[in-house]
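Residue strings, one per chain:
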Amino acid sequence: MIVAGSAAAGLTVVGGGVFFGRQAYRNAAEVASLNRPHLRGIVPAPHAVLIALQRRSQNVEVRQRELRQVVFEVRAAGAHGQDAWLGLGSGLFRGRTGAPRQLTTMPGFAGDVLDPAQSHGDLLIQIAGRDGSDVRAAIEGVLRGLPGWRLRWRIEGFRAENRVKDGRGLARNPFHFADGFGNPDNRRGIADRVLVRADQGEPDWVVGGSYQVIRIVRLATELWDKDTIHEQERIIGRRRDGRWLDGTPSDEEPNFAADPKGKATPLDSHVRLAAPDRRNPPPVVRRSYSYDHGNGDTGLIFSCFQRDLAKGFEAVQKRLESEAMAKYLLTTGGGYFFIPPPGDAWIDAAFES
């Protein structure tokens, strides 16, 4: 969330008003004007590269100086037409106080086989854009400017059939289903789900930032494709085009309470476990990408943003442990990261003590 020329404090949503520092913003257009790269546009850019870096120096002063260089390089990438932002990992704060309260090493959940070489990191840099070659060139440019950091892992993603429908950014995932219907259809709703508030007990510098979760999920596409479309739709809980199994239009929320035995939408379907009360959805915003490494290694770079990890991603993930789709999924990497608020003040504030 590095914005060139911005020195303002973070954005906070309080009741019905949106505040950036002490200034109130009353409509979604003004929220959009804040220009946060990781939330820019209803539909994310179609190509992305993510890299996780490990620091070489343990010296705090050197770490701060090198972090400023990272900020400079990420801003330079963003200035050339890409969406570029920086995420902070828990390792960056090892031995320090004043870190984002919820920022930890991502734990393993049921069924995970996390590869250390594909997981965690002190920093996450994500660059997204319209052209894959331009995005790769931008990442290489960033890496050349950061000799003090070691590359821990890297992954490239794409969004097939990337489009906007009913105000939501959608893409088709490797299981052939449209993904993204659970996101808000306006920027006010996005801000409310993802931006840390002043009343959350976080350090002051954290307010206005976001927690990002990355999950590298290998999908058993060959096994999946052996199932009938009808069975696949029962496992997901939606039609491939997004329509609900009980006949509710895709742009409306079904009433699962009216189907207590799961006759229309199975109780162990993905959408029903992820959001059992569709009218009060989980406070997360998903912005995922597909990947294809060849040799059958195809999957999802699951990415979501939230202001509260426990109420957001973690609550959903624990419910999904019993989903019918679990046998088709293998999470091999990723991590928890914190996207700082705009400006540079957070760099000093994060290392004050």
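Look a little higher up for the structure.
So, how was this worked out
Residues numbered from 1 in each chain as written. Predicted model: local features only at pLDDT ≥ 70, side-chain atom pairs only at ≥ 80, totals over all residues. Heavy atoms only, no water. Salt bridge = Lys/Arg side-chain N within 4 Å of Asp/Glu carboxyl O. Helix = DSSP H or I, 4+ residues; strand = E, 2+ residues; numbered from the N terminus. Buried < 20%, exposed > 50% of the residue type's maximum accessible area, 1.4 Å probe, protein only. Pairing = 2+ DSSP bridges. 1 Å grid on protein atoms, 1.4 Å probe; cavity = no way out; pocket = protein on both sides within 12 Å on 5 of 7 lines; lining within 4 Å. Points joined across faces, edges and corners; volume = space filled by probe spheres on them. Nonpolar A, V, L, I, M, F, W, Y, C, P; charged D, E, K, R; others polar. Core = buried A, V, L, I, M, F, W, Y, C linked by side-chain atoms within 4.5 Å. Contact = heavy atoms within 4.5 Å. Polar contact = N/O pair within 3.5 Å; in protein donor to acceptor, adjacent residues only side chain to side chain. Expected span 1.5 Å × (residues − 1). Arc of directions from axis to C-beta. Phe/Tyr/Trp six-rings, centres within 6.5 Å; stacked < 30°, edge-to-face > 60°. Patch = residues over 30% accessible without salt bridge, like charges linked within 9 Å, V, L, I, M, F, W, Y side chains within 5 Å. Areas by Shrake-Rupley, 256 points an atom, 1.4 Å probe, with all protein chains shown as cover. Lys, Arg positive; Asp, Glu negative; His and termini not counted. Charge placed at Lys NZ, Arg CZ, Asp CG, Glu CD.

1. Focus on the pattern of salt bridges
Any two side chains of opposite charge can pair, on the condition that their charged atoms come close.
1) Next: Here the structure, examined in full by the defined rule, presents 15 salt bridges.
2) Next: Ionic pairing is found between R75 and D344, a salt bridge with its closest N-O pair at 2.8 Å. Residue R75 is found in helix α2 (residues 60-79), and its partner D344 is found in the loop between β15 (329-339) and α9 (345-349); the two are separated by 269 residues along the sequence.
3) Next: In this structure R75 comes out as partly exposed when scored by relative accessible area, which is 22%.
4) Next: Residue classification places D344 among the partly exposed residues on the basis of a relative accessible area of 32%.
5) Next: The salt bridge partner of E140 is R154, with a shortest N-O separation of 2.5 Å. A residue pair is termed long-range when its members are at least 10 positions apart, and E140 in helix α3 (residues 132-144) and R154 in strand β7 (residues 149-158) qualify at 14 residues.
6) Next: Members of the salt-bridge network, linked through shared partners, are R136, E140, R154 and E156.

2. Let's talk about the sheet that holds strand β10 (residues 178-179)
Either a parallel or an antiparallel arrangement is found when strands of a sheet pair, and the pairing is made through backbone hydrogen bonds.
1) Next: Pairing is antiparallel across the open sheet formed by three strands, whose spatial order is β8-β9-β10. The open sheet is flanked by β8 (160-165) and β10, the only strands paired with a single partner.
2) Next: Sheet analysis places strand β9 (residues 168-172) next to β10, joined by two bridges and oriented antiparallel. Bridge pairing links R172 to A178 in β10.

3. Examining empty space enclosed by the protein
1) Next: Applying the stated criterion across every chain, the model contains four cavities of 30 Å³ or more.
2) Next: Of the pockets and cavities examined, the largest cavity occupies roughly 110 Å³.
3) Next: As for the largest cavity, its lining consists of 15 residues, and the residues nearest its centre are R159, A171, D179, S288 and Y289.
4) Next: Within the residue set of the lining of the largest cavity, elements represented by two or more residues are β9 and β13 (289-292).
5) Next: By residue number, the principal contributor to the lining of the largest cavity is β9, which donates three residues.
6) Next: Looking at the lining of the largest cavity, its residues break down into four nonpolar, six polar and five charged.

4. Comments concerning the nonpolar core
1) Next: L86, L123, I125 and I127 are the most contacted members of the largest nonpolar core, which has 53 residues in total.
2) Next: Tallying contributions element by element places α2 first for this core, with five residues.
3) Next: In contact with L123, other than residues within four places in its own chain, are I51, A52, L53, L67, V70, L86, G87, L88, G89, L92, W149 and F337.
4) Next: Counting 14 residues, the second largest nonpolar core, distinct from the first, contains L50, I155, I214 and F337.

5. Quick notes on the environment of E161
1) Next: Relative to the helices and strands, E161 resides in strand β8.
2) Next: For the pair E161 and A178, spaced 17 residues apart in sequence, the C-alpha separation works out to 8.7 Å.
3) Next: In terms of polar contacts, E161 uses its side chain to reach the side chain of R172, at 3.0 Å.

6. Regarding α3
1) Next: When the terminal C-alpha atoms of α3 are compared, their 19 Å separation across 13 residues agrees well with the 18 Å that a helix rising 1.5 Å per residue should span.
2) Next: Residues of α3 that are buried: G132, V135, A138, I139 and V142. Projection of α3 onto a plane perpendicular to its axis shows the buried side chains occupying an angular sector of 125°, all on one side.

7. Some details on the packing of aromatic side chains
1) Next: Under the counting rule described, the total for this entry stands at 13 aromatic pairs.
2) Next: With centroids separated by 5.8 Å and ring planes inclined at 85°, the aromatic side chains of W205 and F338 adopt a geometry described as edge-to-face. Here W205, found in the loop between α4 (187-194) and β11 (210-219), pairs with F338, found in strand β15; they are 133 residues apart in sequence, far enough to count as distant. Across the pair, F338 and W205 agree in class, each one buried.
3) Next: Centre to centre, the rings of W224 and Y328 are 5.0 Å apart; their planes meet at 85°, and the pair counts as edge-to-face. Separated by 104 residues along the polypeptide, W224 in helix α5 (residues 221-225) and Y328 in the loop between α8 (310-319) and β15 bring together distant segments of the chain.

8. Let's talk about a negative patch on the surface
1) Next: Together, D166, D185, D251 and E252 give the surface a local cluster of negative charge.
2) Next: With respect to the helices and strands, E252 occurs in the loop between α6 (229-236) and α7 (270-274).
3) Next: According to the relative accessible area criterion, E252 is partly exposed, its value standing at 43%.

9. Observations regarding unusual backbone geometry
1) Next: A positive phi angle, close to 65°, is found at H120, a residue other than glycine.
2) Next: Relative to the assigned elements, H120 resides in the loop between β5 (83-88) and β6 (123-129).

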